[in-house]
Amino acid sequence: MKENREGSKKRTQSRLFSVFTLSLLLTLPFSLLGQKNSCLECHRELDEQSLRAPVDGFATDVHRQFGLGCQDCHGGNPLQDDVELAKDKSFRGAPGKAKVPEFCGSCHSNSEYMRRFNPNVRVDQLQTYWTSKHGELLRKGDTNVAVCTDCHGVHGIQASNFPKSSTFAWNIPETCGRCHSNQEVMKTYGIPVNQVSDYKQSVHATALFDKKDLSAPVCNDCHGNHGAAPPQVASIAFVCRQCHPSAGDLFTQSPHKAVFDELGISECEACHGNHKILAPTDEMLAGGSNDVCSQCHDAGTKPHETGVEMKRKLSDYVSAFQSAEDVLASAEKQGVEVSEPRFKLQEASTALILVRNLTHGLALADMEAKLAEGDKVISEVKTLGGAALKEARFRKTGLVIATVFIFLLALALYFKIRELQSKEKS
Amino acid sequence: MKRRTFVNLFLGGSLLGTAASLLYPVVRYLIPPRQAEAAAKKIVAAKVGELAPNSAKLFKFGSSPALLINTADGQLRAFSAVCTHLTCTVSYEGDTGTMYCPCHNGRFDLAGNVISGPPPRPLEAYEIEVAGGDILVSKKA
Amino acid sequence: MSRRKLRMSQLIRNVVAYLESRFLFSALLEFGKKKKVPEHKYSFWYYFGGLCLFLFGVQVITGILLLLYYTPSVDAAHESILFIMSQVKFGWLIRSVHSWTANILVGAIFIHMFSTFFLKAYRPPRDLTWISGFFLLVLFLAFGFSGYLLPWNELSFFATRVGTDIAGVVPFIGKALKTFILGGPEVSGATLSRFFWLHVAVLPAFALVLLGIHIFLVQVLGMSKPIGISKTKEISFFPTFILKDALVWLLVLTAIGVICVFLPWEIGQKADPFASTPIGIKPEWYFTFMFTTLKIVPAHIFSLEGEVLAILGFMLGGLLWMLVPYLDRRAGREMKSPAFSIAGAIILLYIIVMTALTYLAPRI
């Protein structure tokens, strides 16, 4: 009995062993399947740089992260080592420039296919592209324009929310600039090449590059990504209003709106520019060194005079603000603590920001009302500042009095010591 | 007057003067100041009943502005009024029941979260305590 | 004498008699009346000891006043300083006097110490005076270090962190020492409580005892005369020398007053433990010579860590400095000992140069 059980145990063991070995041998080729990629293996060894580059780039490509390989775009059989067999019937090769949009679009416009990877991703890029200036010209046969690969890259494509991607916010000016700052490329179209350099001087560029504020606009925020086209005159205003609605609303309510629409002048751009949008200053107002009103209004005319009045009121306010600041600074320099008045002065500073914004509405009365509020705050601060200066004077006076007494005491001591010493001598 | 007497008087007089000018600051120092305590952790933002429902008050918290809101349904909320985008001062908009920053159209809900616009972070919320007719605001522990 | 004068002197005599029968101090009074202080070309330096005592008194008084409004907690320390500086009447004056006098006191202590060193006042029987003085130096450096943290501003916080990091480098006991000083692994509320405890209770208690010993010894032994000077003019301790002392104190008090009105001590930014260390952070000026030495010492000397070696070097230096009365045998025999004077001059020069270097070449 015991022998039987021993024997059956041994037989079960040897059976299990054979099953195991057999399965291993059978599945081995399939496991190699997952790893084998003849495209990469072969291209890696090639001498020509342009044929080798795809291998290096692809290592970090976003498509690879989603499990896609060379064959998913280019077709072919990556299991075949022989180059003829690898480039089988399904092989599509590299598309010519004119065919690139459709090539990429074959997947990226297919909602059913794309939602496998990301249910939320947009699939209208190709459609939008055809509405763009680039798409328009490409349709007409111009292959010098930008296609998908010009902006996104070819084999090292990164998602746009990845900071190293060529389509990440702070890389976009450079990406667009590759063609749009190139005189050779742009002269055919008669387009100037100063946009990127102008933009880099703008307040938006400072916000984006220096303060790392990703909400600041770059090329695509005003021009569109795939449907890139210069905004029409009527739409510039809407574009700016995306982030600057209060200025926009004020402008709409002002007399300028109707006139600008009638004359076909682009609203914000007329005074602030398009790419080189600098931080606005009071000098842009009528009578200032950078007078934008004089573009349409002659000096001496009523509108211009109203503008001059606005500027005058503003500069009066700024001087009052500055003098309050000076009082506090002087008190502080003399050692008096002024954090309370400083905080109050912030309210006056806020009023200044709001009044400067009100210039878009052209309503002098509204500006004067707000300035009056600010003036009240400034006078309160001046009172507190005056008290601080008084405190500084009080301290000095007190010091003088105490020092006088101490010196008198010192003198008295000196006399006393002399007297005692002369007594000691005797 | 003898020289010695003069010197003694002089000494006594100036000693008195000096003592007075040294003691005067000390005595004034010891007398309790108007504001009884150092800027405590808790600030009295407003008195109970001062704010109507669906209105707000801007007050000083430490060295920055803060907003005390009495919501439409009578709840009290307090936040830092420094916009997390470019530090403009936010205000309360009664008709939308949201906090609004006029500089670049940033908007926050009544939990301080960003609803729209460029601000990258929510507004810091403060702790509210109602005690003895005062509404006290302090930083969250 | 007039009748009024007669009655006044009778009153004084009665009061003295009353106190004498209770306190039995007649022997002391006799001693004091007879006590003489030598006057010679170096006797000017005698005033620095008394000046240190006076400045300590100023610190005690202003410190006690500050205690009324100061709160030693992370949430309230900085705010209470702001309160003292802005809301409390003359709070700005009391606080500025305390902060400025702390620095002037340490300066006076150094001058006092070096002047007694060069005049070789340490030679026996005054060796215990010197040693108690050495401990007083350490005590007052501890006063300065602990007090500096109390306003809980950026400078204090990081200066404390830098200073205690150095303590942590001492071999074997370093880590335990640092944890004990800080009340934890790093500068925190526990450190503030601990430093406050030291600053207002422990150190003053020790200071009182040590000062008592130090002053008692000075009184009993009298002023030391430089070697080679035997016969000098002498003035009475009471009242002449004391009045001269008082004159010096008054002039220094005036100087402090002027400084505080024109240069009140800053409040600074509240400490943020999560902020990065400000560039160029350094401890208070009287520690900077050690701080800069540690910065320029090479990382490794033979196979030992440079920092550790430097710290041990300072400790050894301190020990030798304290034991100088026993090392300077020649002075003990009333003979000139130029070797020690030169050594002292080198040390003084080193301290001055290193301190200056900290401010003139901060990027070392």
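Keep in mind it's a predicted model, so treat the numbers as computed, not measured. (Residues numbered from 1 in each chain as written. Chains lettered and ligands numbered in written order. Predicted model: local features only at pLDDT ≥ 70, side-chain atom pairs only at ≥ 80, totals over all residues. Heavy atoms only, no water.)

Peer 1: Help me out: how do you make sense of the confidence of the model for chain B in this one?
Peer 2: Mean pLDDT for chain B: 88, with 94% of residues reaching 70 or above. Between the elements of chain B, mean pLDDT differs from a low of 86, seen in strand 1 (residues 43-47) of chain B, to a high of 94, seen in strand 4 (residues 76-80) of chain B. (pLDDT = per-residue confidence, 0-100. Helix = DSSP H or I, 4+ residues; strand = E, 2+ residues; numbered from the N terminus.)

Peer 1: I tried to follow the packing of helix 5 (residues 91-118) of chain C against helix 15 (residues 338-360) of chain C on my own but got confused; where do I start?
Peer 2: Angle between the axes and distance between the axes are the two parameters that describe a pair of packed helices. Residue and element names in this part refer to chain C. Relative to each other, helix 5 and helix 15 sit at 160 degrees, their axes nearing to 10 Å. Relative to helix 15, the element helix 5 is oriented roughly antiparallel. When the axes of helix 5 and helix 15 are compared, the crossing they make is left-handed. Contact residues: Phe114, Phe117 and Phe118 in helix 5; Phe340, Ser341, Gly344, Ala345, Ile347, Leu348 and Ile351 in helix 15. The class makeup of the residues in the contact of helix 5 with helix 15 is 8 nonpolar, 2 polar and no charged. (Axes fitted to C-alpha atoms, helices over the stretch in contact; angles between N-to-C directions. Parallel < 35°, antiparallel > 145°, perpendicular 65-115°, else oblique. Left-handed = near helix turned anticlockwise from the far one by under 90°. Contact = heavy atoms within 4.5 Å. Nonpolar A, V, L, I, M, F, W, Y, C, P; charged D, E, K, R; others polar.)

Peer 1: I'm lost on the nonpolar core in this one. Help?
Peer 2: Soluble globular proteins tend to pack their nonpolar side chains together in the buried interior. Formed by 81 residues in total, the largest nonpolar core has its most connected members in Leu55, Trp130 and Trp152 of chain C. Within the second largest apolar cluster, 25 residues are counted, among which are Tyr317, Ala331, Val355 and Leu371 of chain A. (Core = buried A, V, L, I, M, F, W, Y, C linked by side-chain atoms within 4.5 Å. Buried < 20%, exposed > 50% of the residue type's maximum accessible area, 1.4 Å probe, protein only.)

Peer 1: Please clarify how the side chain of Asp328 of chain C should be interpreted in this entry.
Peer 2: All names here are of chain C. Following the sequence through the fold, Asp328 ends up in the loop between helix 13 (324-327) and helix 14 (329-332). Of the side chains with opposite charge, Lys120 lies nearest to the buried Asp328, which makes no salt bridge, at 4.1 Å. A distance of 2.9 Å separates the side chain of Asp328 from the side chain of Ser337, its partner in a polar contact. Residues contacting Asp328, with those up to four places away along its chain left out, are Lys120, Tyr122, Ser337 and Phe340. (Lys, Arg positive; Asp, Glu negative; His and termini not counted. Salt bridge = Lys/Arg side-chain N within 4 Å of Asp/Glu carboxyl O. Polar contact = N/O pair within 3.5 Å; in protein donor to acceptor, adjacent residues only side chain to side chain.)

Peer 1: Can you walk me through the confidence of the model for chain C in this structure?
Peer 2: Overall, the predicted model of chain C reaches an average pLDDT of 91, with 99% of residues at or above 70. For this predicted complex, the interface confidence score (ipTM) comes to 0.79, while the overall pTM stands at 0.74.

Peer 1: Just checking my understanding: could you explain unusual backbone geometry for this structure?
Peer 2: For residues that are not glycine, phi is negative in most cases, and the peptide bond is trans in most cases. All names here are of chain C. Of the consecutive residues Pro124 and Pro125, the connecting peptide bond is found in the cis state with omega at 10 degrees. You can see Pro125 is positioned in the loop between helix 5 and helix 6 (127-149). Its identity is not glycine, yet Trp152 carries a phi of approximately 50 degrees, on the positive side. Among the structural elements, Trp152 can be located in the loop between helix 6 and helix 7 (154-167). Note on Trp152: relative accessible area 2%, which makes it buried.

Peer 1: Just checking my understanding: could you explain a positive patch on the surface for this structure?
Peer 2: A cluster of basic residues, Lys423 of chain A, Lys2 and Arg4 of chain B together with Arg4 and Lys5 of chain C, forms a positive patch at the surface. Tracing the sequence through the fold places Arg4 of chain C in helix 1 (residues 3-23). What makes Arg4 of chain C exposed here is its relative accessible area of 69%. (Patch = residues over 30% accessible without salt bridge, like charges linked within 9 Å, V, L, I, M, F, W, Y side chains within 5 Å. Areas by Shrake-Rupley, 256 points an atom, 1.4 Å probe, with all protein chains shown as cover. Charge placed at Lys NZ, Arg CZ, Asp CG, Glu CD.)

Peer 1: What's the story with the state of the cysteines in this structure? I'm lost.
Peer 2: Among covalent bonds in proteins, the disulfide is the one between the sulfur atoms of two cysteines. Enumeration according to the criterion identifies 1 disulfide over all chains in this entry. Across the disulfide, Cys88 of chain B is cross-linked to Cys103 of chain B (sulfur-sulfur distance 2.1 Å). Torsion about the S-S bond of the Cys88 of chain B and Cys103 of chain B cystine: about -95 degrees, corresponding to left-handed handedness. A residue pair is termed long-range when its members are at least 10 positions apart, and Cys88 of chain B in the loop between strand 4 and strand 5 (91-93) and Cys103 of chain B in the loop between strand 6 (98-101) and strand 7 (106-108) qualify at 15 residues. Distance from the sulfur of Cys148 of chain A, which forms no disulfide, to the nearest cysteine sulfur (Cys104 of chain A) is 3.9 Å. Free of any disulfide, Cys271 of chain A has its nearest neighbouring cysteine sulfur in Cys293 of chain A, separated by 6.8 Å. By relative accessible area, Cys271 of chain A is classed as partly exposed at 33%. (Disulfide = S-S within 2.5 Å.)

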